[in-house]
Amino acid sequence: MSSSTKDAPPPLPEPLRVPVADSHTHLDMQDGTVEEALAKAASVGVTTVVQVGCDVRGSRWAAETAAAHEAVHATVALHPNEAPRIVLGDPDGWSRQGAREPGGDAALDAALAEIDALAALPHVRGVGETGLDHFRTGPDGIAAQQRSFRAHIEIAKRHGKALVIHDREAHDDVLRILREEGAPDTVVFHCYSGDAEMAKTCAEAGYYMSFAGNVTFKNAQPLRDALAVAPPELVLVETDAPFLTPAPYRGRPNAPYLVPVTLRAMAEVKGMPEDALATAVAANTARAFGY
């Protein structure tokens, strides 16, 4: 594949007959305007998107974008990797804000207060993505991450909003903290990454499992095994765009219009007709995010 193809957006998939929602996307990190992204998605049957906040600025933007567009719902949060950056600083500045000074617990409290205020808005339908990330945060950041996660659980419960979880190599700790704090009524595991055993645990607790383009990757058999046992009434589909572009376009820019590629792969794994899975996923997403 030449470099020009590698950066080229994948082609439009065959439209879905039953419209669905992209339950987790980052329009602020994608090329082009929000209007273009929504029009392209709608043209293939992806008529709703959930725009996810990862920091204070991104959460404000998500709330504003949802207020301006019928087809967009927002979630607001500090990403698990954002919390340690606020508390401990970020000398390398790999986040979008560039290098940052350590702000300590007071700075985290101030950021959480801002998320709390945004979570009260009617077009904000969830609190997330929050959770734990043991892949990118070392032992020094774990305390800040866990404190932030516990605070987000409390915010979601107080406002009656869905809790959207980022769980990277932290399954046991995420499930433990949900048990300790008492989970909100609605919990969504975004970009579900557990195995079939964990899927059964999530199903028993009534947690939604949202599958992204990585369910199509060759090495993702454990994910497909998890999807196979996940009850159809607890399954969502997402892009996490611009990341996790489904096969055969892996490595190229992802966007909400590629949801049909993932949904078709999921239908195959579940042995369900495409329309039946799309109908379930559409209803599940609306129920989870209360729209």
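In what follows, the structure referred to is the one given above.
My aim in this report is to walk through the structure given alongside it, one point at a time. Fair warning: this is a prediction, and the values are worked out from it, not measured in the lab.

**A look at the side chain of Asp167**
As for its placement among the helices and strands, Asp167 is situated in strand β5 (residues 162-168). Although Asp167 lies buried, it forms no salt bridge, and the closest oppositely charged side chain, Arg168, sits 8.9 Å away as judged by the N-O distance. In terms of polar contacts, Asp167 uses its side chain to reach the backbone amide nitrogen of Ala170, at 3.2 Å. Once residues within four sequence positions are removed from consideration, Asp167 is found in contact with Leu132, Val174, Phe189, Ser193 and Met198.

**Points about the layout of surface pockets**
Within this model, the largest pocket holds a volume of roughly 980 Å³. Lining the largest pocket are 34 residues; nearest its centre among them are Asp133, Arg136, His166, Arg168 and Asp240. Sorting the residues of the lining of the largest pocket by element identifies α4 (82-88), β4 (124-133), β5 and α9 (221-229) as the ones contributing at least two each. With 3 residues, the single largest contributor to the lining of the largest pocket is β5. Along the lines of polarity and charge, the residues of the lining of the largest pocket split into 11 nonpolar, 11 polar and 12 charged. The wall of the second largest pocket is formed by 15 residues, among which Pro9, Gln30, Asp31, Ala255 and Tyr257 lie closest to the centre. Sort the elements by how many residues they give to the lining of the second largest pocket and helix α2 (residues 34-43) lands first, with 3 residues.

**Concerning the packing of aromatic side chains**
Scanning the model with the defined rule gives 2 aromatic pairs in all. Between Tyr192 and Phe211 the ring centres are 5.4 Å apart and the planes differ by 45°, which places this aromatic pair in the tilted class. Taken together, the residues span a long stretch of sequence, with Tyr192 in the loop between β6 (187-189) and α8 (196-205) and Phe211 in strand β7 (residues 208-211) at a distance of 19 residues. Grouping residues by exposure puts Tyr192 and Phe211 together as buried. One cation-aromatic arrangement involves Arg168 over Phe135; the distance from NZ or CZ to the ring centre is 3.6 Å. The ring centre of Phe217 lies 3.7 Å from the NZ or CZ of Arg250, which sits over that ring.

**A short note on the pairing of strand β3 (residues 72-76)**
Burial of β3 is extensive: 5 of the 5 residues sit out of reach of the surface. Neither face of β3 is open: one carries Val72, Ala74 and Val76, the other His73 and Thr75, and all of them are buried. In terms of strand pairing, β3 meets β4 through 3 bridges, oriented parallel. Bridge pairing in β4 links Thr75 to Gly126.

**Observations concerning the environment of Ala220**
Note that Ala220 resides in the loop between β7 and α9. Of the residues examined, Ala220 reaches a relative accessible area of 6% and is grouped as buried. Those residues in contact with Ala220 that sit more than four places away from it in its chain are Asn214 and Val215.

**Focus: the nonpolar core**
Residues Phe149, Leu178, Phe189, Tyr192 and Phe211 are the most contacted members of the largest nonpolar core, which totals 73 residues. Setting aside residues up to four positions removed in sequence, Tyr192 forms contacts with Met198, Ala199, Cys202, Met209, Ser210, Phe211, Leu223 and Ala226. With 10 residues, the next largest nonpolar core counts Val50, Val164, Val188 and Ala288 among its residues.

About the cut-offs
Residues numbered from 1 in each chain as written. Predicted model: local features only at pLDDT ≥ 70, side-chain atom pairs only at ≥ 80, totals over all residues. Heavy atoms only, no water. Helix = DSSP H or I, 4+ residues; strand = E, 2+ residues; numbered from the N terminus. Buried < 20%, exposed > 50% of the residue type's maximum accessible area, 1.4 Å probe, protein only. Lys, Arg positive; Asp, Glu negative; His and termini not counted. Salt bridge = Lys/Arg side-chain N within 4 Å of Asp/Glu carboxyl O. Polar contact = N/O pair within 3.5 Å; in protein donor to acceptor, adjacent residues only side chain to side chain. Contact = heavy atoms within 4.5 Å. 1 Å grid on protein atoms, 1.4 Å probe; cavity = no way out; pocket = protein on both sides within 12 Å on 5 of 7 lines; lining within 4 Å. Points joined across faces, edges and corners; volume = space filled by probe spheres on them. Nonpolar A, V, L, I, M, F, W, Y, C, P; charged D, E, K, R; others polar. Phe/Tyr/Trp six-rings, centres within 6.5 Å; stacked < 30°, edge-to-face > 60°. Lys NZ or Arg CZ within 6 Å of the ring centre and 35° of its normal. Pairing = 2+ DSSP bridges. Core = buried A, V, L, I, M, F, W, Y, C linked by side-chain atoms within 4.5 Å.

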